[in-house]
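So the chains spell out like this:
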Amino acid sequence: MPRKIIIDTDPGKDDAVAILLALAAPEAVEVLAVVAVAGNVPLARTAANAAALLELGGRTDIPVYPGCAAPLTRPLVTAEHVHGETGLNGLELPPPARAPEAEHGVDAIIRLLRAEAPGTVTLCLLGPATNLAMALAKAPDIAPRIAEVVWMAGARSEGGNVTPAAEYNVYTDPEAAAVLLASGLKLTLMPLDLTHQLLVTRERLAALRALGTAAARATVAMFSEIDGTPQREREREGIPLHDPTVIAHLIDPTLFGGRQINVEVETASPFARGMTVADWYGVTGRPANALWLNAAAPDRFFALLEQRLARLP
Ligand code: RIB
Ligand code: CA
């Protein structure tokens, strides 16, 4: 039986690949809804991008709900320098035929969790955790109904990608991260420690390009900036692929390894805002509140991605 999932996302180039991967794994995941959040680009764009990506994947039956337009307490910090003004730099998609729904994404999360049997819905977070944190505050009764939260978030050994200390999804809304870390929910984190091992290299781009499907072409279009131009990040031979790890983990839980540990988040420091303090060696004695996945299998991950993108239109 496939897991029922709600994808909460800020597409975003890597979010786009994660959404397409989810559509290519019907035996593993049933996408109940996509909820957009402000993040890489403003909400209007993340919602439109989500709808356009579902259309690209042939799934206009899946609704898109616009969620929060800003973090819980802080101004939005976007990432157009990484994802472009549109959020899907390199990929030209037609405007979606199905517009996002009128219902707010936070209300949709609450409604869907109340409608489904308790413990059967997994929240897949690919951006800042604003929507889920707000939903938990608005309707605490939904917490025991959530099977698991799988979130691309955090960093320990890799340092940050927004500041020296913080990964973007946590940096953008550290208060929302604190809500999730204190919630008692079953929480699985895919930090930069994992995703920085999963690099889109020229060779992997060539393999994707050879697939010939629109989904594979879209992926290549968004990640081909290393193809023929100077390396985007000189110390690496490719571009890290972050968000698809969330979906890949649901398709094949043997892909990644890690440890159940305590993770806290810095919300007060002007220098370490959004830093995830991951107690890998258990020195604090604080309760283990998250599964921290940091052991990757890059070749298996990209083989899965290629295999699945080949199945889409
Ligand atoms: O730090 C990487 C994360 O921030 C990814 O989710 C990417 O899409 C951006 O949102
Ligand atoms: Ca994202």
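Refer to the structure above for everything that follows.
Here is what the cut-offs are and how they apply
Residues numbered from 1 in each chain as written. Chains lettered and ligands numbered in written order. Predicted model: local features only at pLDDT ≥ 70, side-chain atom pairs only at ≥ 80, totals over all residues. Heavy atoms only, no water. Helix = DSSP H or I, 4+ residues; strand = E, 2+ residues; numbered from the N terminus. Buried < 20%, exposed > 50% of the residue type's maximum accessible area, 1.4 Å probe, protein only. Contact = heavy atoms within 4.5 Å. Areas by Shrake-Rupley, 256 points an atom, 1.4 Å probe, with all protein chains shown as cover. 1 Å grid on protein atoms, 1.4 Å probe; cavity = no way out; pocket = protein on both sides within 12 Å on 5 of 7 lines; lining within 4 Å. Points joined across faces, edges and corners; volume = space filled by probe spheres on them. Nonpolar A, V, L, I, M, F, W, Y, C, P; charged D, E, K, R; others polar. Pairing = 2+ DSSP bridges. Axes fitted to C-alpha atoms, helices over the stretch in contact; angles between N-to-C directions. Near = heavy atom within 4 Å. Polar contact = N/O pair within 3.5 Å; in protein donor to acceptor, adjacent residues only side chain to side chain. Arc of directions from axis to C-beta.

### Brief notes about the overall build of the chain
Inference 1: Each helix and strand counted, the chain has 12 helices and 11 strands in total.
Inference 2: Seen through its principal axes, the chain has C-alpha atoms that stretch 50 × 45 × 40 Å.
Inference 3: Out of the 313 residues belonging to the chain, those deemed buried represent 58%.
Inference 4: Considering only contacts within the chain whose residues lie at least 6 apart along the sequence, 83% involve residues at least 24 apart.
Inference 5: About 11800 Å² of surface is accessible on the chain, with carbon and sulfur atoms providing 56% of the total.

### Side note on empty space enclosed by the protein
With a probe scaled to a water molecule rolled over the atoms, the places where space remains empty come into view.
Inference 1: Taken as a whole, this structure holds 1 cavity of 30 Å³ or more when the rule is applied.
Inference 2: Of the volumes computed, that of the largest cavity is approximately 70 Å³.
Inference 3: Lining the largest cavity, in full, are Ala51, Leu54, Glu55, Thr60, Ile62, Val64, Pro96, Ala97, Arg98, Ala99 and Pro100.
Inference 4: Of the residues assigned to the lining of the largest cavity, the class counts are 8 nonpolar, 1 polar and 2 charged.

### A short note on the sheet that holds strand 11 (residues 290-295)
Note on sheets: strands pair through backbone hydrogen bonds, and any given pair is parallel or antiparallel.
Inference 1: Across the sheet, 9 strands lie side by side as 3-2-1-4-5-6-11-9-10; this open sheet has mixed pairing. Both edges of this open sheet fall to strand 3 (64-66) and strand 10 (276-279), since each of them pairs with a single strand only. This sheet shows a mean twist of 30° between the axes of neighbouring strands, independent of strand direction.
Inference 2: Alignment of strand 2 (residues 29-36) against strand 3, held across 3 bridges, turns out to be parallel. The residue of strand 3 that forms the bridge with Val34 is Val64.
Inference 3: Against the sheet, helix 1 (residues 13-23) makes contact with strand 1 (3-9) and strand 2, and its axis sits at roughly 165° relative to strand 1, the strand it touches most.

### Focus on the site of ligand 1
Inference 1: Surveying the vicinity of ligand 1 reveals 13 residues, the closest of which are Asp14, Leu126, Asn161, Glu167 and Asp243.
Inference 2: Here an oxygen atom of ligand 1 sits 3.1 Å away from a polar atom, N or O, in the side chain of Asp10.
Inference 3: Between ligand 1 and Asp15 there is a distance of 2.9 Å, counted from an oxygen atom to a side-chain nitrogen or oxygen.
Inference 4: Within the complex, the protein chains bury 97% of what would otherwise be the 270 Å² of accessible surface of ligand 1.
Inference 5: Only helix 1 and helix 6 (168-172) provide two or more residues apiece to the shell around ligand 1.
Inference 6: A class-by-class count of the residues in the shell around ligand 1 yields 3 nonpolar, 5 polar and 5 charged.

### A short note on helix 9 (residues 202-209)
Inference 1: Listed in full, the buried residues belonging to helix 9 are Arg204, Leu205 and Leu208. For helix 9, the angular spread of buried residues about the axis comes to 105°, placing them on one side.
Inference 2: Summarising the contacts, the buried residues of helix 9 are in contact with strand 7 (199-200), helix 10 (214-223) and helix 12 (298-309).

### Notes on the layout of surface pockets
Inference 1: The volume enclosed by the second largest pocket comes to roughly 240 Å³.
Inference 2: Lining the second largest pocket are 14 residues, with Asn49, Thr86, Leu88, Leu91 and Leu93 sitting closest to its centre.
Inference 3: Across the lining of the second largest pocket, the residue classes tally to 8 nonpolar, 4 polar and 2 charged.

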